[in-house]
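Structural overview for review
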Amino acid sequence: MSLIAFQLALADLSTSPDFCARVARDPDEALAGRDLTPLERRRIVAAAGQPGVAVNRALYRYNRTIPLTGVLRGACFLLGPELSALSDEFWAEGGLDRNQRREAERFVDFLRRALARGRLRSPYLAEVMEFELARYQVATRPREPLLAAVDEAAERWPDGPLVLNPLLRVASFTHEPNALLGLVVARRPPPYADLPEGEFHLLLSFHDGTYRQEMLDPTWAAVILDVVERRGTPDPDAVARLVSDGILVRTAPEGEGEEAPLAESAAAGAV
Amino acid sequence: MTLSELSPSVGAERLAALPRLGVSVLYNPSLRYFIRDHADELDYLAIIPDRAWSDEGPDAPVRYEESAAQMALFDRAAERLRIVGHSVGLSIGSADPLDTGHVEQLAKWQARYDMPWHSEHLAFIRLPGVDAHTELLAAMALAVPYDHEVLDMIVERVNYVQDRIPVPFLLENNVYYVDLPEQDMTEPEFLNAIAHRTGCGMLLDVHNVVVNATNHGFDAGEMIHALDLSRVVELHVAGGSDLAGMYTDSHAGPVAQKVWDLLPGVVAACPNLCAITFEFHEGWYETMGAEGVLREVRMARDVWNRYH
């Protein structure tokens, strides 16, 4: 157990300036309750007083930021100088997840909450971050298991409820997405005064090693969203066409097949 | 420990039989088109397999969700180049049990791309026992103490990895910014002991040595020549930058001059050397461009060609 306690203490020196300062100030108090040998304790105390701890701390911050800026580059740009303080708040909620997608999903969820309570007010942030997360999901999700799940669901539940094909995502915007994303990629600081506003949807897909995004016709987008969100009575002919094109697929009826990968994928596809 | 357990000859023949590949780069996402356009300038492609999949955890129905985009890219590269694996996620130095599922996944990728060897850092990145359901990372590769207790643990794990993956396994010397006092062994003694007790090879990161020598005041050349250089199969060369009063292994653009200064002597002294890999942070591609990357590759090749 001792080596485990030592590694945790060494990592804590790098992640927590407060812990590091407490070790330097009063090691007995700071290390109380940690299962360290006298040698490990001497090493932690020695480490806390070295300039290398500050380097580790800077690297910790940098390396924790990479998964976020890598997946959510535009959203992080829109956060601007607020990113640093928001990151601290987010990191205080938990350690770095080894899964980059999950880490990005957790950060997006954190930002959704910050937007909901008015902590963030950017009019572009929500749609850019949801788009970037959806793009990452569609490009990184494994194709074969999802295709197998789609085929299995079609066979087992030919009349099952329809969901968006888990290999696709629909990203919704209230600003014209190509113009908005172009400005963000060019790192033009907001506000974007001349952006056309309205209801826009991009269909995101990944096939044969190539990511694609295309603007959805508003009529088709409405049908897809009605089906996915179980609202209204979509035009049956349009639904049949979307099924035929593989954009909508069958899934398990409620209460059945919860273990199927498609159940989770279907939920993730509903935007 | 007995003398027979600490034998310089264990595994040496296996390393000597490896193919001499030459010079290349460690793949990062900025190199997507570079690989397509300049494969003829490379002798192989080093990849980080762990970055091509998403680890959903041991309890997930499908633990490793492999990125279709990354796989497609590596599959195309593999049609023209040998693929060498350099993983970052095994955390062989973590004090909690070895992640055997991760080893199996690495074995799968070794077989998929017929990698002649694979490597990992001698470090810990996974934090042990934080939570029963979620494994967390330290967000950096932290060095293990060079103690007998840790040596025994690492040796057992290296043996396990070598049992599961049928090609030589290399451990990379780590960078460290904090000095741990009262260690049982020096870094070369520790690395040599692992190699001699397990038969594994070494990935010598020359820049890591330069970083440690700069920050902790020792001679990089002396440290390198204290290693059993017959164990070195691959070299990493890179650049760094200053941060908070120290020199860091930030992979900032071109290879550091101190690395170039050391490289000819190191290459000459490594009889089983098979590869020199240039690694840089992807954010530097915009500054260096394809020509900048090729310049580093060609400089490394000049050194390689003097001895091969």
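The structure contained in this document is the topic of the report that follows. (Residues numbered from 1 in each chain as written. Chains lettered and ligands numbered in written order. Predicted model: local features only at pLDDT ≥ 70, side-chain atom pairs only at ≥ 80, totals over all residues. Heavy atoms only, no water.)

With respect to the overall build of chain A
- Each helix and strand counted, chain A has 14 helices and six strands in total.
- Dimensions of chain A, computed from the C-alpha atoms along their principal axes, are close to 75 × 50 × 35 Å.
- Out of the 271 residues in chain A, the part that is buried amounts to 48%.
- Total accessible area on chain A stands at roughly 12,800 Å², and carbon and sulfur atoms take up 54% of it. (Helix = DSSP H or I, 4+ residues; strand = E, 2+ residues; numbered from the N terminus. Buried < 20%, exposed > 50% of the residue type's maximum accessible area, 1.4 Å probe, protein only. Areas by Shrake-Rupley, 256 points an atom, 1.4 Å probe, with all protein chains shown as cover.)

Focus on the interface of chain B and chain A
- Counting from both sides, the interface comprises 49 residues of chain B and, opposite them, 40 residues of chain A.
- Across the chain B to chain A interface the summed buried area is about 3,800 Å²; carbon plus sulfur atoms make up 62%.
- It is Ala139(B), Met140(B) and Val178(B) in chain B that bury the most area against chain A; as a group they hold 14% of the surface buried on that side.
- Between the two partners, chain B and chain A, sit four salt bridges.
- Here Glu56(B) and Arg101(A) are joined by a salt bridge, their closest N and O atoms 2.8 Å apart.
- For the side of chain B that touches chain A, the elements supplying multiple residues, two or more each, are β3 (53–55), β4 (64–66), α3 (68–78), β7 (124–127), β8 (136–142), α5 (148–164) and β13 (246–248) of chain B.
- Here the side of chain B that touches chain A gets six residues from one element, more than from any other, and that element is β8(B).
- In terms of residue class, the side of chain B that touches chain A is made up of 27 nonpolar, nine polar and 13 charged. (Contact = heavy atoms within 4.5 Å. Buried area = accessible area lost by both parts, 1.4 Å probe. Salt bridge = Lys/Arg side-chain N within 4 Å of Asp/Glu carboxyl O. Nonpolar A, V, L, I, M, F, W, Y, C, P; charged D, E, K, R; others polar.)

Digging into unusual backbone geometry
- A cis amide bond, omega 10°, links Pro190(A) with the succeeding residue Pro191(A).
- Looking at where Pro191(A) falls in the secondary structure, it is placed in the loop between α11 (177–185) and β4 (197–207).
- For Ala244(B), which is not a glycine, the phi torsion comes out positive at approximately 50°.
- When you line up the elements, Ala244(B) lands in the loop between β12 (241–243) and β13.
- Taking relative accessible area as the criterion, Ala244(B) reaches 47% and is therefore assigned partly exposed.

What to know about the sheet that holds strand β10 (residues 201–205) of chain B
Residue and element names in this part refer to chain B.
- Reading across the sheet, the eight strands line up as β1-β14-β11-β10-β9-β6-β5-β2 and stay open at both edges, with parallel pairing between neighbours. The sheet is open, and its two edges are formed by β1 (22–25) and β2 (44–47), each paired on a single side. In this sheet, neighbouring strand axes are inclined to one another by 25° on average, regardless of whether the strands run parallel or antiparallel.
- Helix-sheet contacts for α5 involve β6 (118–121) and β9 (169–172), and the interaxial angle to β9 is about 145°. (Pairing = 2+ DSSP bridges. Axes fitted to C-alpha atoms, helices over the stretch in contact; angles between N-to-C directions.)

With respect to the pairing of strand β5 (residues 82–87) of chain B
Residues and elements named next belong to chain B.
- In terms of burial, β5 is largely enclosed, as five of its six residues are buried.
- In this structure, β2 lies alongside β5, joined through four bridges in parallel fashion. Pairing of Ile47 across the sheet is with Gly85, part of β5.
- Two elements, β5 and β6, share three bridges in a ladder whose sense is parallel. Paired with His86 across the two strands is Ser119, which belongs to β6.
- Note on the crossover from β5 through helix α4 (residues 100–113) to β6: the handedness is right-handed. (Right-handed = clockwise from strand over helix to strand, strands pointing away.)

Examining the side chain of Ser14(A)
- With respect to the secondary-structure elements, Ser14(A) resides in helix α1 (residues 2–15).
- The class of Ser14(A) is buried, set by a relative accessible area of 2%.
- Sequence-distant contacts of Ser14(A), defined by excluding residues within four places in its chain, comprise Asn56(A), Arg57(A), Tyr60(A) and Met140(B).

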